[in-house]
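# Working through the structure, step by step
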Amino acid sequence: MKGNVIKYERDNIDTDVIIPGPYLKIHDYIELSKHAMEGIDPDFHSRVNEGDFIVAGKNFGCGSSREHAPIALSTCGIKAVLAVSFARIFYRNSVDGAFLLPIEIDEKTYKSISNDDKLEINLERNEIVNLSNNAIYSMKPFSEIIGKIISAGGLFKYKK
Amino acid sequence: MNITEKILARASGKNSVAPDDVVFAKVDKVMLHDVSGPGVIKVFDKLNNQGIDTSKLHDPSKVWVAEDHFVPTAEKISAENIVKLSEFTKNYGIKKHFKYGMGQYGICHTLSHEEALVSPGEVYVGGDSHTNTTGALGAFACGLGHTDVAYVLLNGEIWFKVPETFYFKLNGELSEHVMAKDFILKIIGDIGTDGATYNTMQFGGSGIDRMSIESRLTLTNMTTEAGAKNGIIEADEKTIDYLHQRGATNLKQIKSDEDANYSKIFEYEASEIEPTVAKPFSPENITVVRDLSSIELDKAYIGSCTGAKYEDLLAAAKVLKGKQVKIRTEVLPAAISIYKKAMQDGLLQIFIDAGAMVGPPTCGACCGAHMGVLAKDEICISTTNRNFPGRMGHIDSQTYLASPLVAAASAITGKITDPRDLN
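Each chain has its residues counted from 1, following the order in which its sequence is written. Working convention: letters from A go to chains and numbers from 1 go to ligands, in the order in which they are written. Since the coordinates come from a predicted model, pLDDT governs what is reported: local features require at least 70, and pairs of side-chain atoms require 80 or more to be given and counted, while whole-chain, interface and lining totals use all residues.

### A short note on the overall build of chain A
- Scanning chain A from terminus to terminus reveals 7 helices and 7 strands.
- In this description a helix means any DSSP run of H or I spanning at least four residues, a strand means any run of E spanning at least two, and both kinds are numbered starting from the N terminus. Counting from the amino terminus, helix and strand elements in chain A follow one another as β-α-α-α-β-α-β-α-β-α-β-β-β-α.
- Throughout, the radius of gyration refers to the C-alpha atoms, and the reference size of a globule is 2.2 Å times the residue count to the power 0.38. Since a compact globule built from 160 residues should have a radius of gyration of about 15 Å, the 15 Å found for chain A is in line with a globular shape.
- Contact definition: two residues whose C-beta atoms, as placed from backbone geometry, lie within 7 Å. Restricting to contacts in chain A with at least 6 residues of sequence separation, those with at least 24 account for 66%.

Here it is in structure tokens:
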């Protein structure tokens, strides 16, 4: 999986800025995607490309349980969010709904990755290669249940 | 085992569970509202396209539905969502649908306790992050997204990783001008908005024993703001009485074992808690009210599942009685049952006489949706639970989170005010 990085150098990117409250009434995925990250980055929708990754600090996706958040990001083309840590509901919404991969990275990796870097993520090796400078980082492996749900393609396809 | 572990063990058919175990727990109650409901309908549509049968729910009697975020309907799309929600409950045989303008309705988390919809020891999930609120009744109460709620509706169970539990012990009694809101803001300030991520926040001690059920609900409500999976308080006689008065029967009390495990214990002296405010733009950004007495305000908002229960309105009314507000002040009781009691007891009269506006139950401006949202640069003191950028309106508006006592005192002076400093 290869993609370009859109980096936010901040912690606690909450679901209110990922998709602001007034749009909660919208359930059309394409319409929602037009407002992704509008709270802090109104140009996001016009500059994001299919396959891009978001890189951010700790507690990504905190706040409201709105599934609109991973839906809006994935409909824009975001395949993975690489963050130092995640809030729990955003994390499980991303995985159970098979919208995008929430990948935990350490603080040092977060600081090493720059905006516009091109990354390759290798899930089998739990490894991230920075194709822009050939640096190699490790990612925190998924727990067993998360790994299985991701492989199945979401909770509804997962067999207990 | 502690209470959360006991509930999850029972619900997953195991003798015991420990933190990090993954279990599929049978769910006793499920809640949807006018945002998560249409979200679930969308998931059902997707499942149908994949050939997955969504024609029947696992058990419609376990499901209840609230209309709260965009009601009274804000515009065309939210009106259509409310219509969709009614079709959904009709088609699937869901009887407990609290419709606005048709008797009791209100904010979902408020209905959970006002209507005794959840009992101690139950596993309760809802399509809203503040589902944690209901854990104050001694239940495992946890918020989920649309896909997970859809899964519960169709399968009657859902996976959980058994959380570690942080135990917050409160000794003594909060002073007269201090409310549960001040205590939970203090805790969030201490541990941070990710301080309890994936974990349980359990509350106990003599200070909790003395607290009313409504105050306890304020604590568990904002465990969400510390990232917790659930907040929980063991049911006691007070809980049982509270639920009996609201029609519940066959209630049990589940307590943690004497040797239960807690991964961290935090201890607080109630006498040391002061009126506290969370400054923009995070619930962890706290300080004592007196540090902010120069902050001029545009608005006071007394509403939401956090800060518009009967007791919250009573606290605000005590401060506002015979006074005049200096800034725009909005009071929105969290459910019709609370609205009615506030009316019967003269609280609404006090608010209106003071110049405040009394509105209908709604999540409305708390989530920046409608009915009282903030303009650019407006500054609001609010009894709600979040103050992220743009949460209550314009991205450049500001929200200070406070107790109903502090919000009411500030409404009178137009500045952030400690209730002790009112003349």
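Picking up after the structure, the text goes on.
### A few points about the overall build of chain B
- Counting its regular elements, chain B contains 14 helices and 18 strands.
- Rg of the C-alpha trace for chain B: 21 Å, near the compact-globule value of 22 Å for 423 residues, within the 12% margin.
- Taking the principal axes of the C-alpha coordinates as reference, chain B spans close to 60 × 55 × 40 Å.
- Counts of 20 or more other C-beta atoms within 10 Å of a residue's own C-beta define buried residues, counts of 12 or fewer define exposed ones, and intermediate counts define partly exposed ones; C-beta atoms are placed from the backbone. In chain B, buried positions account for 57% of the 423 residues.
- Sequence-distant contacts, at least 24 apart, represent 76% of the contacts inside chain B between residues at least 6 apart.

### Let's talk about the interface of chain B and chain A
- Contacts between chain B and chain A engage 40 residues on the former and 32 residues on the latter.
- The set of elements that each furnish at least two residues to the side of chain B that touches chain A consists of strand 1 (22-26), helix 2 (36-49), helix 3 (76-92) and helix 5 (146-155) of chain B.
- Tallied by class, residues from the side of chain B that touches chain A come to 17 nonpolar, 16 polar and 7 charged. All residues other than Ala, Val, Leu, Ile, Met, Phe, Trp, Tyr, Cys, Pro, Asp, Glu, Lys and Arg, Gly among them, are scored as polar; the first ten of these are nonpolar and the last four charged.

### Some points on the nonpolar core
- Membership of the largest hydrophobic core comes to 182 residues, with the highest contact counts inside it found for V81 of chain A together with V125, A316 and L320 of chain B.
- Per-domain counts for this core show at least three residues from each of domain 1 (3-268) and domain 2 (277-421) of chain B.
- Ignoring any residue separated from it by four or fewer positions in sequence, one finds V125 of chain B in contact with V27, V30, T131, C142, L144, V149, V152 and I158 of chain B. Residues enter a nonpolar core if they are buried, belong to Ala, Val, Leu, Ile, Met, Phe, Trp, Tyr or Cys, and are joined to the set through C-beta atoms within 7 Å. Here the bounds of each domain stem from an automatic or database domain assignment.

### A closer look at helix 11 (residues 310-320) of chain B
Residue and element names in this part refer to chain B.
- Counting buried positions along helix 11 gives 8 out of 11 residues, so the element sits mostly inside the fold.
- If you check which residues of helix 11 are buried, you get Y310, D312, L313, A315, A316, A317, V319 and L320.
- At the C-terminal side of helix 11, G322 shows a positive phi close to 75°.

### Quick word on the packing of helix 6 (residues 180-191) of chain B against helix 8 (residues 213-221) of chain B
All names here are of chain B.
- Only the stretch in contact is used when fitting a helix axis, every axis being a line fitted to C-alpha atoms; angles between N-to-C directions are given from 0 to 180 degrees. Following both chains from N to C, one finds helix 6 and helix 8 inclined at 25°, their axes separated by 8 Å at the closest point. With respect to helix 8, the element helix 6 is oriented roughly parallel. By crossing handedness, the relation of helix 6 to helix 8 is classed as right-handed. Two secondary-structure elements touch here, helix 6 through A180, K181, F183 and I184 and helix 8 through S215, T218 and L219.
- Of the residues that constitute the contact of helix 6 with helix 8, the class distribution is 4 nonpolar, 2 polar and 1 charged. Should an angle fall under 35 degrees it is called roughly parallel, over 145 degrees roughly antiparallel, and 65 to 115 degrees roughly perpendicular, with every other angle called oblique. Less than a right angle of anticlockwise turn of the near helix away from the far helix marks a crossing as left-handed, whereas a clockwise turn marks it as right-handed.

### Section: the pairing of strand 5 (residues 118-122) of chain A
Residue and element names in this part refer to chain A.
- Only one face of strand 5 is buried: it carries L119 and I121, and the other face, with K118, E120 and N122, is open.
- Note: two strands are recorded as paired if DSSP finds a minimum of 2 bridges between them. Where strand 1 (residues 2-7) lies against strand 5, 3 bridges are found, and the strand directions are antiparallel. Paired with K2 across the strands is E120, a residue of strand 5.
- Strand direction decides the pairing type here: strand 5 and strand 6 (residues 127-130), joined by 4 bridges, are antiparallel. Across the sheet, I121 pairs through a bridge with I128, a residue of strand 6.

### Things to note about the sheet that holds strand 6 (residues 140-143) of chain B
Residue and element names in this part refer to chain B.
- One open sheet accounts for 5 strands, arranged 4-3-2-5-6; its pairing is parallel. Lying at the two open borders of the sheet, with one neighbouring strand each, are strand 4 (96-98) and strand 6. Each strand of the sheet is rotated relative to its neighbour by a mean of 15°, with strand direction disregarded.
- In the sheet, strand 5 (residues 123-126) pairs with strand 6 via 4 bridges, with the strands oriented parallel. Across the sheet, residue V123 finds its bridge partner in strand 6, namely F140.
- Helix-sheet contacts for helix 5 involve strand 2 (29-32), strand 3 (63-66) and strand 5, and the interaxial angle to strand 2 is about 135°.

### A few points about the sheet that holds strand 1 of chain A
All names here are of chain A.
- Read from one edge of the open sheet, 7 strands run 4-3-2-1-5-6-7, paired in mixed fashion. A single partner strand is all that each edge strand has here, and the edge strands are strand 4 (101-104) and strand 7 (135-138). Neighbour-to-neighbour, the strand axes of this sheet turn through a mean angle of 30°, independent of strand direction.
- Direction of pairing for strand 1 relative to strand 2 (residues 53-56): parallel, over a ladder of 3 bridges.

### Details of the pairing of strand 3 of chain B
All names here are of chain B.
- Side chains of strand 3 alternate between two faces, with V63 and V65 and W64 and A66 buried alike.
- With 3 bridges connecting them, strand 2 and strand 3 associate as parallel partners. Counterpart to M31 in the pairing with strand 3 is W64.
- Bridging between strand 3 and strand 4 involves 3 bridges; their strand directions are parallel. Residue pairing across strands places A66 opposite F98, the latter belonging to strand 4.
- Taking the sense of rotation as the criterion, the β-α-β connection linking strand 3, helix 3 and strand 4 turns out right-handed. Seen with its strands pointing away from the viewer, a crossover is right-handed when the path leading from the first strand over the helix to the second is clockwise.

### What to know about the domain arrangement of chain B
Residues and elements named next belong to chain B.
- Along its sequence, chain B is organised into domain 1 (3-268) and domain 2 (277-421).
- Inter-centroid distance (C-alpha atoms) of domain 1 to domain 2 is 24 Å.
- Opposite the 35 residues of domain 1 that make contact, domain 2 presents 34 residues.
- Elements supplying a minimum of two residues to the side of domain 1 that touches domain 2: helix 4 (108-114), helix 6 and helix 8.

### A few points about the confidence of the model for chain B
- Averaged over chain B, the pLDDT score is 98; the fraction of residues at 70 or greater is 100%.
- Predicted as a complex, the structure gets a pTM of 0.97 and an ipTM equal to 0.97. Scored from 0 to 100, pLDDT records how confident the predictor is in each individual residue.

### A closer look at unusual backbone geometry
- The omega angle of the peptide bond from V71 of chain B to P72 of chain B is -15°, so this bond is cis rather than trans.
- If you trace the backbone, P72 of chain B turns up in the loop between strand 3 and helix 3.
- Here the amide bond leading from P280 of chain B into F281 of chain B is cis, since omega sits at 5°, within 30 degrees of zero.
- Assignment of secondary structure puts F281 of chain B in the loop between strand 12 (276-278) and strand 13 (286-288).
- A positive phi is found at M37 of chain A, a non-glycine position, where the angle reads about 60°.
- Note that M37 of chain A resides in the loop between helix 2 (29-33) and helix 3 (44-47).
- Notably, D377 of chain B is not glycine yet its phi reads approximately 70°, a positive angle.

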